[in-house]
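# Overview (structure and organization)
Listed below are the residues making up each chain.
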Amino acid sequence: MSAIRSTNAVRALTTTTVSTTTRQSMRQFTASARTSASHGPQYDPPTGWLFGVKPGEKYQKEGWENPFFYGFCGSLVLAGVAYGFKPDTSIQTWALEEARRRLEAEGILEDPDHKKK
């Protein structure tokens, strides 16, 4: 029974030692209070209008909106065209062409480009 008590005492001692060392290692580098780097509140209270534009007023676009829209949509169209004209490099296509070439060379399959007279 005394062996169990001594084991429990050792466990309790190691837990308190570990918890005090972690508290000390998490100490801040400065003694001053933590301050944020912002220059005022960043909260915009809700106005109730969609995108902050009142009904009847015209939305004024910002300078970056048109170049972003045309650049983004243009790049998507260009990527779609490039993908459409991409060469087929799959292993299945290569194997089919290779099998057709070998069968034509052996005379088992006739050449589709060869015209009959």
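Residues numbered from 1 in each chain as written. Predicted model: local features only at pLDDT ≥ 70, side-chain atom pairs only at ≥ 80, totals over all residues. Heavy atoms only, no water.

### Topic: the overall build of the protein chain
Regarding its fold elements, the protein chain presents three helices and zero strands. Reading the protein chain from its N end, one meets helices and strands in the order α-α-α. Counting every position in the protein chain, which comprises 117 residues, the buried fraction comes to 2%. Within the structure as shown, the protein chain displays about 12,000 Å² of accessible surface, and the carbon and sulfur contribution to it stands at 62%. (Helix = DSSP H or I, 4+ residues; strand = E, 2+ residues; numbered from the N terminus. Buried < 20%, exposed > 50% of the residue type's maximum accessible area, 1.4 Å probe, protein only. Areas by Shrake-Rupley, 256 points an atom, 1.4 Å probe, with all protein chains shown as cover.)

### Let's talk about the side chain of Glu 65
For Glu 65, the position within the fold is in helix 2 (residues 65–84). No salt bridge is formed by the buried Glu 65, whose closest oppositely charged neighbour, Lys 61, lies at an N-O distance of 5.5 Å. Within the structure, the side chain of Glu 65 is placed 2.9 Å from the side chain of Tyr 59, a separation counted as a polar contact. (Lys, Arg positive; Asp, Glu negative; His and termini not counted. Salt bridge = Lys/Arg side-chain N within 4 Å of Asp/Glu carboxyl O. Polar contact = N/O pair within 3.5 Å; in protein donor to acceptor, adjacent residues only side chain to side chain.)

### Structural notes on the packing of aromatic side chains
Within the structure shown, the criterion is met by three aromatic pairs. Aromatic side chains Trp 64 and Phe 68 sit 6.1 Å apart centroid to centroid with 70° between the ring planes, which places their arrangement in the edge-to-face category. Consider the rings of Phe 68 and Phe 72, whose centres lie 5.8 Å apart with planes at 15°: the pair is stacked. Of the two residues, Phe 68 and Phe 72 are both situated in helix 2; the distance of four residues between them amounts to about one turn of the helix. In this structure Phe 72 comes out as partly exposed when scored by relative accessible area, which is 45%. Three or more aromatic residues joined by ring pairs form one cluster here, namely Trp 64, Phe 68 and Phe 72. (Phe/Tyr/Trp six-rings, centres within 6.5 Å; stacked < 30°, edge-to-face > 60°.)

### Let's talk about the pattern of salt bridges
Going through the model one piece at a time under the given rule, you end up with three salt bridges. Of the charged contacts, one joins Arg 100 and Glu 97 as a salt bridge, the two residues approaching to 3.6 Å between their closest N and O atoms. Highlighted residues: Arg 100 and Glu 97, both in helix 3 (residues 91–106), separated by three residues, approximately one helical turn. Taking the shortest distance from any N to any O, the salt bridge between Arg 102 and Glu 98 comes out at 3.0 Å.

### Brief notes about helix 3
Here helix 3 is 16 residues long and its end C-alpha atoms lie 22 Å apart, about the 22 Å a rise of 1.5 Å per residue gives. At the exit of helix 3 stands Gly 107, carrying a positive phi of roughly 90°. (Expected span 1.5 Å × (residues − 1).)

### Side note on the confidence of the model for the protein chain
A low pLDDT score tells you not to read the predicted coordinates there in detail. With 65% of its residues at a pLDDT of 70 or more, the protein chain has an overall mean of 79. Per-element mean pLDDT across the protein chain ranges from 58 in helix 1 (residues 2–25) up to 97 in helix 2. (pLDDT = per-residue confidence, 0-100.)

### Some words on a nonpolar patch on the surface
A cluster of nonpolar residues, Trp 64, Phe 68, Phe 72 and Leu 76, forms a patch on the protein surface that exposes about 480 Å² of accessible area. Judged by its relative accessible area of 54%, Trp 64 is exposed. (Patch = residues over 30% accessible without salt bridge, like charges linked within 9 Å, V, L, I, M, F, W, Y side chains within 5 Å.)

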